Amino acid sequence: MKDERMELGFLKIRAELCTIIYLFLALSLCIKVFVFGMSGKECFAETAVLVMTPIYQLVRQRQLDLSGYELLKKQSTAKHLVVCVVVAGVVALAAYWRFQQVGSAAEWKESIVFFVAFAASFVAARLVYLRYEKKRKEELDHRYED
Amino acid sequence: MKNLKMKAARAVLDYSQEDLAQIVGVTRQTIGMIEAGKYNPTLNLCIAICKALHKTLDELFWEGEA
């Protein structure tokens, strides 16, 4: 029996679960880099999932003729700013703590460089994604207009 | 808001929630929740229910005077 209510309910649960796993992976990456001082190579699984997830989402969106631009536009920028400040604060504290623990800056620097590079590419990818989605929205509007 | 029209239409045909659920291919809970106003069915399910109860969409799901 294909019950739409159950199907939607389970899809919602699965989507929430995926979001939670995604966030835990991001947290795991931070802990591995800052607490255990691991390099990018050692955090391959987390990095791969964090990078591949948006790519998969983008491909599926394209296949299903969805544009995320309207959703992204609706998200509150003030809320994002608060989240970014909190995350940056936590990262700065973790970096400071790591520096205190390690003493010598060599190992510590490698972790920081990896994290900054990852964060910078993440922000850059988001900006590119936004522009791409805007174009895609216009294209879809044009395709399905009267 | 409770869907009493659907409940009444079901009663006229002497269908139980289980009977209607089997006809339209959902669980009894889903029919119960639609009648209780706790779940908004998709248009496809609305049409299936209307066909099963020999009613139109207006008669079962329009909240104004149909």
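It should be emphasised that the depicted structure is a prediction, and the values quoted were computed from it without experimental measurement.

(A) Up close: the overall build of chain A. A count of helices and strands for chain A gives five helices and zero strands. Within chain A, the fraction of its 146 residues that count as buried is 19%. Counted over contacts in chain A with a minimum sequence separation of 6, partners at least 24 positions apart contribute 76%.

(B) The arrangement of the layout of surface pockets in detail. Residue and element names in this part refer to chain B. Of the voids in this model, the second largest pocket is the one considered here, and its volume is about 350 Å³. Looking at the second largest pocket, it is lined by 15 residues, and the ones nearest its centre are M1, N3, L60, F61 and E63. Elements supplying a minimum of two residues to the lining of the second largest pocket: α1 (4-12) and α5 (57-61). Classifying every residue of the lining of the second largest pocket by side-chain character gives nine nonpolar, three polar and three charged.

(C) Examining the interface of chain B and chain A more closely. Between chain B and chain A, the contact holds ten residues from the first and seven residues from the second. Across the interface of chain B and chain A, roughly 710 Å² is buried in total on both sides, 54% from carbon and sulfur atoms. When the area that chain B buries against chain A is broken down by residue, the three leading residues are V26, T27 and Y39 of chain B, summing to 48%. Linking chain B to chain A there are zero salt bridges.

(D) The state of the cysteines, seen in detail. Applying the stated criterion across every chain yields a total of zero disulfides over all chains. The closest cysteine sulfur to the non-disulfide-bonded C30 of chain A is located on C43 of chain A, 9.7 Å from its own sulfur. The class of C30 of chain A is partly exposed, set by a relative accessible area of 23%. The thiol of C50 of chain B is not disulfide-bonded; the next cysteine sulfur, from C46 of chain B, is found 6.5 Å away. Note on C50 of chain B: relative accessible area 4%, which makes it buried.

Basis of the calculations
- Residues numbered from 1 in each chain as written.
- Chains lettered and ligands numbered in written order.
- Predicted model: local features only at pLDDT ≥ 70, side-chain atom pairs only at ≥ 80, totals over all residues.
- Heavy atoms only, no water.
- Helix = DSSP H or I, 4+ residues; strand = E, 2+ residues; numbered from the N terminus.
- Buried < 20%, exposed > 50% of the residue type's maximum accessible area, 1.4 Å probe, protein only.
- Contact = heavy atoms within 4.5 Å.
- 1 Å grid on protein atoms, 1.4 Å probe; cavity = no way out; pocket = protein on both sides within 12 Å on 5 of 7 lines; lining within 4 Å.
- Points joined across faces, edges and corners; volume = space filled by probe spheres on them.
- Nonpolar A, V, L, I, M, F, W, Y, C, P; charged D, E, K, R; others polar.
- Buried area = accessible area lost by both parts, 1.4 Å probe.
- Salt bridge = Lys/Arg side-chain N within 4 Å of Asp/Glu carboxyl O.
- Disulfide = S-S within 2.5 Å.

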